[in-house]
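Each chain is listed here by its residues.
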Amino acid sequence: MTLSKVTNAILAATILTAGSTFASDNPGAHQHGHAELQLAIEDNQVDLIFTSPAYNLLGFEHRARTEEQKALVTETTNWLGETPLVDTAEAGCTVMNAVVHHQAGGDNHGHDHGHAHDHEDKHADENGSTHSDFEVTQTLSCSRLDASEALSTPLTERFPEIEHLNVEWVWSGGQGSGRLDHGETSFRPGAR
Ligand SMILES: [Zn+2]
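Cut-offs used in this document
- Every chain is numbered on its own, with residues counted from 1 as its sequence reads.
- The model is predicted, so local features are restricted to residues of pLDDT at least 70 and side-chain atom pairs to those at 80 or more, both for listing and for counting; the totals for chains, interfaces and linings are taken over all residues.
- The side-chain values count all of the structure's non-hydrogen atoms but skip hydrogen atoms and water molecules.
- Distances define the donors: N, O and S atoms within 2.8 Å of the metal qualify, as do those within 3.2 Å of Na, K or Ca. Water is excluded, so some sites may look unfinished.
- Numbering of helices and strands starts at the N terminus; helices are DSSP runs of H or I of at least 4 residues and strands are runs of E of at least 2.
- The cut-offs for exposure are 20% and 50% of the maximum accessible area for each residue type, with area from a 1.4 Å probe on protein chains only; residues under the lower value are buried, those over the upper are exposed, and the others partly exposed.
- When the centres of two rings from Phe, Tyr and Trp lie within 6.5 Å, Trp using its six-membered ring, the rings pair. Their planes under 30 degrees apart give stacked, over 60 give edge-to-face, and anything left gives tilted.
- Lysine and arginine charges are scored as sitting over a ring when NZ or CZ, respectively, is within 6 Å of the ring centre and within 35 degrees of the ring normal.
- When a carboxyl oxygen of Asp or Glu lies within 4 Å of a side-chain nitrogen of Lys or Arg, that pair is called a salt bridge.

Novice: Explain the coordination of the zinc ion to me, using residue names and the numbers behind them.
Specialist: Looking at the zinc ion, one finds its protein donor set to be His-30 (NE2), His-32 (NE2), Glu-61 (OE), Glu-61 (OE) and His-131 (ND1), positioned 1.8 to 2.7 Å from the metal centre. The motif formed by the donor residues of the zinc ion, counted along the single chain, is H-x1-H-x28-E-x69-H. Highlighted residues: His-30 in the loop between α2 (22-25) and β1 (34-42) and His-131 in the loop between β4 (93-102) and β5 (133-142), separated in sequence by 101 residues. The class of His-30 is buried, set by a relative accessible area of 18%. On the basis of relative accessible area, His-131 is assigned to the partly exposed category, the value being 36%.

Novice: Quick one: what's the story with the packing of aromatic side chains, residue by residue and with numbers?
Specialist: The tally for this structure, following the rule as stated, stands at 2 aromatic pairs. Summarising the aromatic geometry, the rings of Trp-79 and Phe-159 are spaced 5.4 Å apart at their centres and angled 90° between planes, so their arrangement reads as edge-to-face. Remark: Phe-159 occurs in the loop between α5 (155-158) and β7 (164-171) and Trp-79 occurs in helix α4 (residues 67-82); sequence separation between them is 80 residues. Residues Trp-79 and Phe-159 agree in their burial class; the two are buried. Arranged with centres 5.5 Å apart and planes meeting at 15°, the rings of Trp-169 and Phe-187 form a pair that is stacked. Taken as a pair, Trp-169 in strand β7 and Phe-187 in strand β9 (residues 186-187) lie far apart in primary sequence, 18 residues in all. Overall, Phe-187 belongs to the buried group, its relative accessible area being 8%. Across from the ring centre of Trp-79, 5.0 Å away, lies the NZ or CZ of Arg-158, which sits over that ring.

Novice: Which residues make up the pattern of salt bridges, and what are the values?
Specialist: Across all of its chains, the model carries 2 salt bridges by this definition. Residues Arg-158 and Glu-75 are paired through a salt bridge, measuring 3.6 Å at the closest nitrogen-oxygen approach. Residue Arg-158 is located in helix α5, and its partner Glu-75 is located in helix α4; the two are separated by 83 residues in the primary sequence. Residue classification places Glu-75 among the partly exposed residues on the basis of a relative accessible area of 47%. The salt bridge involving Asp-181 is made with Arg-179; its shortest N-O contact spans 3.4 Å.

This is a description of form; function is not addressed.
Set out below in structure tokens:
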């Protein structure tokens, strides 16, 4: 399993320009039940991008209207900004920087107020004919990060609507990918 050169280039470019419009540049990637996690591992640092249809995380994709929906957007956005989306077995990773983009509205605009988008002009209807995505970028600092050990992600347990999480990684020892189904949380970048 290898990353295509195209995907690799996108990953590199997106990490260099954190805060880009990765998700909206790839509208074909929007598929309910599926989400993507891309990692670049270097020394003890992990740069990652998580993209998912909002439906997987919220259960809806229209702009939050009710107080309950707004609260869910806020709770979800905060969780995505504060929780390391990958971690070592010893929970040795901490979030150094995180940006949460979403189009679901609510009062919370993510951790980076300069980049979060709140598309008020996007009139989504109740039938779900308008789709929206979450895009999360994080920089993690991890203690004793060794690519040969298993990494875990809390995403597939936190969000049951994620049926398949596609994970792609690049690190000094190579690159690879894998797929986690619901309830599967660990992968091993160093595995051959
Ligand atoms: Zn959708």
